[in-house]
Amino acid sequence: MLLAPAARAFLLSEASYLRQHSPRAAKRFLERLREARRSLGRFDQLGFSHDALPILGIRRLIVGDYILDYFLGETIMIVAIRHGRQRDPDLDDDRDEDFEVPPPPGDAAD
């Protein structure tokens, strides 16, 4: 099983962050992800696949508060790990048109 660079970077960053705030939480985080990797090694269909996922062919596994996105191939490649409150990696953060307030009537922009 392989970790893509982005997944590895998140894993290291999150473990470091948690370790600073709660060594126990960091240990629990790493143990859960190790167990998830072992489980995927035994049961590669463990995660789910759905057309609504951000990348075609990706499978998703929920591990506590975290989401692992992975591809099945000759080997399993974990392409992304993120906290469940974070956006999918491919979503465009610039899509704010739904939140813009129109100018008031009679404004100079009319």
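It should be emphasised that the depicted structure is a prediction, and the values quoted were computed from it without experimental measurement.

### Describing the sheet that holds strand β4 (residues 77-83)
Consideration 1: The four strands are arranged β1-β4-β3-β2 in an open sheet whose pairing can be described as mixed. The sheet terminates laterally at β1 (2-3) and β2 (59-63), the two strands that pair on one side only.
Consideration 2: Pairing of strand β3 (residues 66-71) with β4, which is carried by six bridges, proceeds in the antiparallel orientation. Considered in β4, the bridge of Y66 is made with H83.
Consideration 3: Where helix α1 (residues 5-21) meets the sheet, its contacts fall on β1, β3 and β4, and the angle it forms with β4 comes to roughly 35°.
Consideration 4: This element, helix α2 (residues 23-42), spans β1, β2, β3 and β4 of the sheet and lies at about 140° to β2.

### Points about the side chain of E14
Consideration 1: Along the chain, E14 turns up in helix α1.
Consideration 2: No salt bridge is formed by the buried E14; the nearest opposite charge belongs to R32, separated by 10 Å.
Consideration 3: Every residue in contact with E14, bar those within four places of it in the chain, is listed here: F29 and Y66.

### Here we look at the packing of aromatic side chains
Consideration 1: Under the counting rule described, the total for this entry stands at two aromatic pairs.
Consideration 2: Relative to Y66, the ring of F29 has its centre 4.8 Å away and its plane inclined at 55°; by these criteria the two rings are tilted. With F29 in helix α2 and Y66 in strand β3, this pair connects stretches of sequence that are 37 residues apart. Each member of the pair F29 and Y66 is classed as buried.
Consideration 3: Ring pairs connect the aromatic residues F10, F29 and Y66, which therefore count as one cluster.

Rules used throughout
- All residue numbers here refer to positions counted from 1 along the written sequence of the relevant chain.
- Reporting of local features is limited, given that this is a predicted model, to residues whose pLDDT is at least 70; pairs of side-chain atoms are given and counted only at 80 or more, and all residues count toward the totals for whole chains, interfaces and linings.
- Side-chain numbers come from the whole structure's heavy atoms, not from hydrogens or water.
- Paired strands are those between which DSSP finds at least two bridges.
- For helices the rule is a DSSP run of H or I covering at least 4 residues; for strands it is a run of E covering at least 2, with both sets numbered from the N terminus onward.
- The criterion used for residue contact is that any of the two residues' heavy atoms lie within 4.5 Å.
- Convention adopted: a line fitted to C-alpha atoms gives each axis, helices being fitted over their contacting stretch, and angles between N-to-C directions are expressed from 0 to 180 degrees.
- Only protein chains enter the accessibility calculation, which uses a 1.4 Å probe. A residue is then buried if its area is under 20% of the maximum for its type, exposed if over 50%, and partly exposed in between.
- Note on charges: Lys and Arg go in the positive column, Asp and Glu in the negative column, and His and the chain ends are not counted at all.
- What makes a salt bridge here is a side-chain nitrogen of Lys or Arg within 4 Å of a carboxyl oxygen of Asp or Glu, nothing more.
- We call Phe, Tyr and Trp rings a pair once their centres come within 6.5 Å, taking the six-membered ring for Trp, and we label the pair stacked below 30 degrees between planes, edge-to-face above 60, and tilted otherwise.

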